Structure formats: C-alpha cells, structure tokens
Amino acid sequence: MLRITFRQLEAFHWAATLGSVNAAARHLFVSQPAITARVRELEGILGHALFARSQQGVQLTAAGGELFQRVQVLLQAGEDFERRGGRPLPPLTAGLRDCVDESQHL
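From a predicted model like this one, the values you see are computed outputs, not experimental measurements.

1. Details of the overall build of the protein
Okay, step 1: A tally of regular secondary structure across the protein gives 4 helices and 2 strands.
Okay, step 2: Taken from N to C terminus, the helices and strands of the protein fall in the order α-α-α-β-β-α.
Okay, step 3: In the protein, which comprises 106 residues, the share counted as buried stands at 25%.
Okay, step 4: Across the protein, contacts joining residues at least 24 apart in sequence account for 47% of those joining residues at least 6 apart.
Okay, step 5: Here the protein has roughly 7900 Å² of accessible surface; of this, 56% comes from carbon and sulfur atoms.

2. Observations regarding helix α3 (residues 32-46)
Okay, step 1: Across its 15 residues, α3 extends 21 Å between first and last C-alpha, which sits within 8% of the 21 Å expected from 1.5 Å per residue.
Okay, step 2: Along α3, the positions that sit buried rather than exposed are Ile 35, Arg 38, Val 39, Leu 42 and Glu 43. Take α3 and look down its axis: the buried residues cluster within an arc of 135°, on one side only. Away from the buried face of α3 by more than 90 degrees, exposed residues Pro 33 and Gly 44 are located.
Okay, step 3: Among the structural elements, α1 (6-18), α2 (21-28), β1 (51-54) and α4 (62-83) are those in contact with the buried residues of α3.
Okay, step 4: Just downstream of α3 lies Gly 47, where phi reads positive at about 75°.

3. Notes on the pairing of β1
Across a regular strand the side chains alternate sides, sitting on one face of the sheet and then on the other.
Okay, step 1: Taken together, the 4 bridges between β1 and strand β2 (residues 57-60) define a ladder with antiparallel strand orientation. Paired with Ala 52 across the two strands is Gln 59, which belongs to β2.

4. Topic: the confidence of the model for the protein
Okay, step 1: This prediction gives the protein a mean pLDDT of 85; 80% of its residues lie at or above 70.
Okay, step 2: Every residue in residues 94-102 scores below 50 in pLDDT, and together they form 2 contacts with partners more than four places removed in sequence or on other chains.

5. Here we look at the pattern of salt bridges
Okay, step 1: The full count for this structure, using the stated rule, is 2 salt bridges.
Okay, step 2: Glu 43 is paired through a salt bridge with Arg 53; the nearest N and O atoms lie 3.0 Å apart. With Glu 43 in helix α3 and Arg 53 in strand β1, the pair connects residues that are 10 residues apart, well separated along the chain.
Okay, step 3: The exposure class assigned to Glu 43 is buried, which follows from its relative accessible area of 10%.
Okay, step 4: Measuring nitrogen to oxygen at the nearest pair gives 2.6 Å for the salt bridge that ties Asp 80 to Arg 83. Taken together, the residues Asp 80 and Arg 83, both in helix α4 and 3 residues apart, mark about one turn of the helix.
Okay, step 5: Residue classification places Arg 83 among the exposed residues on the basis of a relative accessible area of 59%.

6. Observations regarding the packing of aromatic side chains
Okay, step 1: Tallying each qualifying case throughout the model produces 2 aromatic pairs.
Okay, step 2: Ring centres of Phe 12 and Phe 51 lie 5.3 Å apart, and the angle between their planes is 40°; on these two criteria the pair is classed as tilted. On the criterion of sequence distance, the pair formed by Phe 12 in helix α1 and Phe 51 in strand β1 is long-range, its members being 39 residues apart.
Okay, step 3: Measuring from centroid to centroid gives 6.3 Å for Phe 12 and Phe 68, while their planes differ by 70°, and the two rings are edge-to-face.

Conventions adopted
Within any chain, residue numbers begin from 1 and follow the written order of that chain's sequence. Local features in this predicted model are restricted to residues whose pLDDT is 70 or higher, and side-chain atom pairs enter the listing and the counts only when it is 80 or higher, whereas totals over whole chains, interfaces and linings include all residues. Water and hydrogen atoms play no part in the side-chain values, which are based on all heavy atoms of the structure. By the criteria applied, helices consist of DSSP H or I runs no shorter than four residues and strands consist of E runs no shorter than two, each listed in order from the N terminus. Note on classification: 1.4 Å probe, protein chains only; a residue is buried when its accessible area is under 20% of the maximum for its type, exposed when over 50%, partly exposed between these limits. It only takes one pair of heavy atoms within 4.5 Å for two residues to be counted as in contact. Computed by Shrake-Rupley with a 1.4 Å probe, the accessible areas treat only the displayed protein chains as cover when residues are assessed. Take the number of residues in a helix, subtract one, and multiply by 1.5 Å to get its expected span. It is the directions from the helix axis to the C-beta atoms whose arc is reported. Here, strands pair whenever DSSP counts at least two bridges between them. As a per-residue quantity, pLDDT reports the predictor's confidence and falls between 0 and 100. Counted as salt bridges are all cases of a side-chain nitrogen of Lys or Arg within 4 Å of a carboxyl oxygen of Asp or Glu. A pair of aromatic rings is counted whenever rings of Phe, Tyr or Trp (Trp by its six-membered ring) have centres within 6.5 Å, and the orientation is called stacked for planes under 30 degrees apart, edge-to-face for over 60 and tilted otherwise.

The structure is reproduced here in structure tokens:
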C-alpha cells in the first residue's frame, strides 16, 4: 500500500527548491514543524535521508536529488489535473482493439 502523500512530496519539493524548511513553510502557509514532519515521514517511508541539514538550510542528498526530479513530474501532473477541474481524462483507446479477440464475442 502506497503511504506517500502529495503533502509530503510538496513539502519536500518546496524545501529543496527554496533551500530552507522555514521558507517552504512560509510558501505553503503551514508551520515549520509540519514541513519537518512531512519530510521526515517521507524519509522514513523511503528509507533514505533526502536532505543534508545545516544552519544555512537544506541541501539534497544523492537520494534526494533522484527523488526531486520525479517529484517535479508528479506535482505537475497533479496541477494539470486540478487545472482541468477534476474532469475525467480521455479514455485510453489506442491499441486496445488488438488485445481483444472479437471472434469470441457474439
């Protein structure tokens, strides 16, 4: 069962983009502890540290860098879906006819 949430991914994305958990919290209008908790949950699920933390902010680890690229795609897909107003996506039809043996259907 997938336990990763968009809120965790969004917190990670903005902390990485802005280089600071505090800046991510301000950007998302949530508390700094909420951002920290979401990122730590994500790290726990994935089993990797995603940031190297310091007084100056956060920097992506190797695992964080890999995840960052994928998260950008996922968040963009989420934004696209929201922009569509939740309207259903067009049905997938290409190639499906080839998978059906029409001789079996009367």
